[in-house]
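Structure at a glance
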Amino acid sequence: MPQIHDTDVSILGLGAMGSALAETLVKAGVRTTVWNRSAGKAEALVARGATEAASAAEAVRASRLVIACLYDHDSVHEVLAPLVDDLAGRALVNLTTTKPEQARQSAAWAAQAQIAYLDGGIMAVPSMIGQPGASILYSGSEEVFREHAPLLDQWATSTYFGEDAGLASLYDFALLSSMYVMFAGFMQGAAMLAPAGVSAGRFAELATPWLTAMSGQLEGYAKVIDGGDYTVLGQQSLTFSNLGLFIEAITDQGVSPEPVAMVQRLIQQQVDAGRGTEGFARIIESIKHPRV
Ligand code: NDP
């Protein structure tokens, strides 16, 4: 397996994330070529030892391993479509956020052009790159992943999900979906407390340990969901979980109950289907089968 200094790397895109990726490699002593559409973003990297390419084509030709960290799927193809001949025979790691289907389209496009393609989903903000806690999810070419694992590990903990290039993105969106709903729950609580003169900061002091403790419930829910039996004893029933009183209390504060009302709609759908005595985890059936 090549060590990190054996491979030249080119990074296309020096936005906040591309710059963080490039900086980490430069610091690790990797020969790094960088390119950005607009001028003026490479200066600090060049001062630390990176080479700036005058064009995306020049950047691609400089390295066997090409990293794309651009804005979206369209911008990746706008930059790379004219360069298929230059990219042929090289490895392309696309860390731009795209939908699973777009990742699969990119993989099919790359296969036709003899480009070894690995897709990645970054579970970190730029300041976390190269630090403990950062994670990057990969799928697509296993060969690219295995060959360059020591280099990819410079950025974050690297996890490979399989040859289907869409999988990393699917996990990425699943994790972010759960995060956004949790954040909306925090906003719900903060909005309820605001009319009582409680700051969001004070609420965060209480919500952080509470939500951290509650995340311990996820494994139990997962066991029930994977087992498919929502009648197992010890679960909080859907009827017991009725959030009607919560919605009244929130509305009494003069704020919108929308995040909690969304959960209540998922509960009610199962209660209406005659499943009220079953466990709370059953709301996943309202999500999986929206009309059941
Ligand atoms: P930025 O908005 O900071 O940078 C976007 C980059 O894309 C810039 O280099 C920009 O070039 C380039 N770009 C946009 N459109 C084009 C185009 N048509 N042709 C060529 N280059 C183009 O975004 P980030 O660096 O933060 O994010 C990059 C990717 O990483 C995104 O897909 C994002 O979702 C993903 N990501 C970012 C995270 C974050 O916290 N920032 C977290 C996880 C993933 P120019 O300078 O010329 O505008």
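Described below are features of the structure shown in this document. (Residues numbered from 1 in each chain as written. Predicted model: local features only at pLDDT ≥ 70, side-chain atom pairs only at ≥ 80, totals over all residues. Heavy atoms only, no water.)

A full pass over the atoms with the stated rule returns one cavity of 30 Å³ or more. Approximately 40 Å³ is the volume attributed to the largest cavity. Elements supplying a minimum of two residues to the lining of the largest cavity: strand E6 (116-123) and helix H8 (167-193). The element best represented in the lining of the largest cavity is H8, accounting for four residues. Residue classes in the lining of the largest cavity are distributed as two nonpolar, six polar and two charged. (1 Å grid on protein atoms, 1.4 Å probe; cavity = no way out; pocket = protein on both sides within 12 Å on 5 of 7 lines; lining within 4 Å. Points joined across faces, edges and corners; volume = space filled by probe spheres on them. Helix = DSSP H or I, 4+ residues; strand = E, 2+ residues; numbered from the N terminus. Nonpolar A, V, L, I, M, F, W, Y, C, P; charged D, E, K, R; others polar.)

The next subject is the pairing of strand E2 (residues 32-35). Alternating positions in E2 separate into two faces, Thr 32 and Val 34 on one and Thr 33 and Trp 35 on the other, with burial throughout. Running through helix H1 (residues 16-27), the crossover from strand E1 (residues 9-12) to the neighbouring parallel element E2 is right-handed. As defined by bridge partners, E2 adjoins strand E3 (residues 51-52) across two bridges and the pair is classed as parallel. Each residue of the ladder has a partner; that of Thr 33, found in E3, is Thr 51. (Buried < 20%, exposed > 50% of the residue type's maximum accessible area, 1.4 Å probe, protein only. Right-handed = clockwise from strand over helix to strand, strands pointing away. Pairing = 2+ DSSP bridges.)

Function-wise, these values are silent; they only describe arrangement.
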